[in-house]
Structure formats: structure tokens, C-alpha cells
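# Working through the structure, step by step
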Amino acid sequence: MLLWVVIAVINVLPPVPTGTNMYGDPAHNLEVVPMLLGPIVFIGVLLPALAVLVRRLHDVNFSGWFALRGLIPVVGANRLRGADAG
């Protein structure tokens, strides 16, 4: 739930006028917020998700390195899915 709130705040901030530009129009200086905070939130979500994936692979007696197979399109995903069939 907190993640959704953080994402919503990041996306709502840019249209907030923060003053005027040199032509007297409203300036939206917070447009840089998603560009700066987006990657931080992405890494903050990716690392725990990767840790959980490796933990679950260890639960079924696979090496954590099997998580890298998911990076190979089609072949890696199919191989990982069918690895427990044999």
C-alpha cells in the first residue's frame, strides 16, 4: 500500500505550479521529480523482489543463480518453468 502512495505522490507533484517562468506563465519545476525518484523506487522494489525469488528457488532446492535464467527471453522462462518436471 505504501508503494502505491509513493508512486501516486511522485506522479501528482509535476503538474503543481511552482511559480512563473520568464513569460509570466505558470512554471512546473517539479517535472524532474519522477525522473529522479523513479529509478530509486524501481531499485527499492527490484532488490527485495529478487531476494524473495532467490529465497523461493532455494526452498525448492534450486540454486539462486537460476534467477538469471529468467533474463533470457522465452528459452530461460520455459527452462525454469520446466526444471521441476524432471
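Up top you'll find the structure we're talking about.
The paragraphs below set out a description of the structure included in this document.

Criteria and thresholds
- Residues numbered from 1 in each chain as written.
- Predicted model: local features only at pLDDT ≥ 70, side-chain atom pairs only at ≥ 80, totals over all residues.
- Heavy atoms only, no water.
- Helix = DSSP H or I, 4+ residues; strand = E, 2+ residues; numbered from the N terminus.
- Buried < 20%, exposed > 50% of the residue type's maximum accessible area, 1.4 Å probe, protein only.
- Contact = heavy atoms within 4.5 Å.
- Areas by Shrake-Rupley, 256 points an atom, 1.4 Å probe, with all protein chains shown as cover.
- Salt bridge = Lys/Arg side-chain N within 4 Å of Asp/Glu carboxyl O.
- Phe/Tyr/Trp six-rings, centres within 6.5 Å; stacked < 30°, edge-to-face > 60°.

All right, on to the overall build of the chain then. Each helix and strand counted, the chain has three helices and zero strands in total. For the chain, the sequential pattern of α-helices and β-strands runs α-α-α. Looking at the chain as a whole, 9% of its 86 residues qualify as buried. At a minimum sequence separation of 6, the contacts of the chain that also span at least 24 residues come to 15%. With the model as given, the accessible surface of the chain reaches about 6900 Å², and the carbon-plus-sulfur share is 72%.

Okay, the pattern of salt bridges next. What the rule picks out here adds up to one salt bridge. A salt bridge links R56 to D59, with the nearest nitrogen and oxygen atoms 2.5 Å apart. Of this pair, R56 and D59 both sit in helix 2 (residues 32–59), three residues apart, which is roughly one turn of the helix. On the basis of relative accessible area, R56 is assigned to the partly exposed category, the value being 44%. D59 gets classed as exposed once you look at its relative accessible area, which sits at 52%.

Once that is clear, we can look at the packing of aromatic side chains. For the structure on display, the rule yields one aromatic pair. Note on F62 and F66: the rings are 5.0 Å apart at their centroids and 55° apart in plane angle, and the pair reads as tilted.

This next bit is on unusual backbone geometry. One non-glycine residue, N61, lies in positive phi territory at about 60°. The topology assignment puts N61 in the loop between helix 2 and helix 3 (75–82). Accessibility expressed as a relative area gives 71% for N61, which makes it exposed.

Everything listed here is a matter of coordinates, which is why it stays silent on function.
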